[in-house]
Amino acid sequence: MVKKRLLMVLGPTQIEEEILKKGATPQMYNRTGEFSKILERVNRNLQYLFQTKNPVFLLTCSGTGAMEAAVLNTLSKGDEVLAVNGGTFGRRWTEICKKHGVKVKEIKLKYGQPVDPKDIERELSRNRNIKAVLTTLNETSTGVLTDIKSIGAIVNSYPAILVVDGVSGVGVEEMPMDAWHCDVLLTSSQKAMALPPGLAFISFSKKALRLAEKAGLKTFYFDVFEYQKNWERNQTAFTPAIALIYQLDPRLQKIRKEGLASYRRKYARLTEMLRRGIKAIGLNTAGEKLSNCVTGIWSPDGIDASKVVERMQNNYHIYIAPSPGDLKTRLFRIGNFGDIKEKDISRMLSALKNTLSYFGFRAKPGSKAY
Ligand code: PLP
């Protein structure tokens, strides 16, 4: 029997059958009161997810689109910003800003290292012209969690705004936008939200909107004021991805019913189980202050990590993530976002043990922590 495919990459994720089916609901005309009713509920539940009183806008794009929307709406050509580069996604802030003529000072971190909030404070006190601090809640390329709470407390006393890319964190990590003085928070549908890719969500504080009023960079599709106008009447500026909204609506209702704290605890438990199993096999995780749902694992000496990824896929139908660049042969990464259950983690650990043993690795005797 061919085993069912199991996605344990870093998004897209396993999606519950019940939510998948919602995507096949016949299309509705979106400029109707009936659709606005759905959007009204979605809007309230997105505010709950972000823990904010500010509107949360629905964008039809992936996470990078929302990152670009954050930059385009708040900055001007020649502005100075501070970006935390802890990996692929922190670096993306720099790439987007440079494309639009925004000057970036980077805090570049070593692989697997979290940013020290004191370094942000030092840069802000040195240069009062910094308009924005651009960060990543969970740097998905390493799984390192950023201390947004401490950074928010610092940035709040400066003119700069704090922008947080929460793509792989919002929902599965604590990230109360208002309480932590975050000025722009964004995420997308295909990771912690356990939905197909295609939607992104973004919210702006009043401080960020004041900057938006003066921002020199321009955008038509992502103009925050257009989104605001339409949000107020429970509509979207442009044709939304209706099928995805059919799926988003019940997902948000479920999270709200369960409660964010309980939703997070569920993933923390699964992550703990996964990491205990990894350790029991005799493997080491990579990086400090690891987030929920992303675990980087060093491949044993002499075993090519990319071959492990390949064999897991071909022989067990289990998809884990390779690593980019120099780490390709040394590190693989496992995501436990979405509809993952304990039995899936056991299946993955047992396949991993067999795969490594095929490549000559001897797992710790009797290792079966799963
Ligand atoms: N930011 C983070 C933290 C991510 O993990 C990702 C995707 O993996 C992105 C941004 C980019 O998102 P997308 O690929 O949806 O554009």
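Data block above holds the structure.
Remember, predicted model here, so these are calculated numbers, not experimental data. (Residues numbered from 1 in each chain as written. Predicted model: local features only at pLDDT ≥ 70, side-chain atom pairs only at ≥ 80, totals over all residues. Heavy atoms only, no water.)

Draft legend 1. Structural detail: the overall build of the chain. Within the chain one finds 12 helices and 13 strands. Whereas a compact globule of 370 residues would reach a radius of gyration of roughly 21 Å, the chain reaches 21 Å, a difference of no more than 12%. Counting all 370 residues of the chain, 58% fall into the buried class. Only carbon and sulfur atoms are counted for the fraction: they give 50% of the accessible area of the chain, which is about 16200 Å². Positive and negative side-chain charges of the chain, numbering 57 and 36 respectively, have mean locations separated by a distance of 3 Å. (Helix = DSSP H or I, 4+ residues; strand = E, 2+ residues; numbered from the N terminus. Rg over C-alpha atoms; globule rule 2.2 N^0.38 Å. Buried < 20%, exposed > 50% of the residue type's maximum accessible area, 1.4 Å probe, protein only. Areas by Shrake-Rupley, 256 points an atom, 1.4 Å probe, with all protein chains shown as cover. Lys, Arg positive; Asp, Glu negative; His and termini not counted. Charge placed at Lys NZ, Arg CZ, Asp CG, Glu CD.)

Draft legend 2. Highlighting the site of the ligand. For the ligand, the set of nearby residues contains 14 residues, the closest of which are Ser62, Thr64, Thr140, Asp165 and Lys191. Measuring from an oxygen atom of the ligand, one finds a backbone N or O atom of Gly63 at 2.9 Å. Within the side chain of Lys191, an N or O atom sits 2.7 Å from an oxygen atom of the ligand. Taken by itself the ligand offers 390 Å² of open surface, and the protein chains cover 86% of this. (Near = heavy atom within 4 Å. Polar contact = N/O pair within 3.5 Å; in protein donor to acceptor, adjacent residues only side chain to side chain.)

Draft legend 3. The arrangement of the sheet that holds strand S4 (residues 103-108) in detail. Spatially, the 7 strands line up as an open sheet ordered S2-S10-S9-S8-S5-S3-S4, and their pairing is mixed. Looking at the sheet topology across the chains shown, the edges are occupied by strand S2 (56-59) and S4. Ignoring which end each strand starts from, the neighbouring axes of this sheet average 20 degrees apart. Pairing geometry for strand S5 (residues 130-136) and strand S8 (residues 161-165), over 5 bridges, is parallel. Looking at S8, one finds that Val133 is bridged to Leu162. (Pairing = 2+ DSSP bridges. Axes fitted to C-alpha atoms, helices over the stretch in contact; angles between N-to-C directions.)

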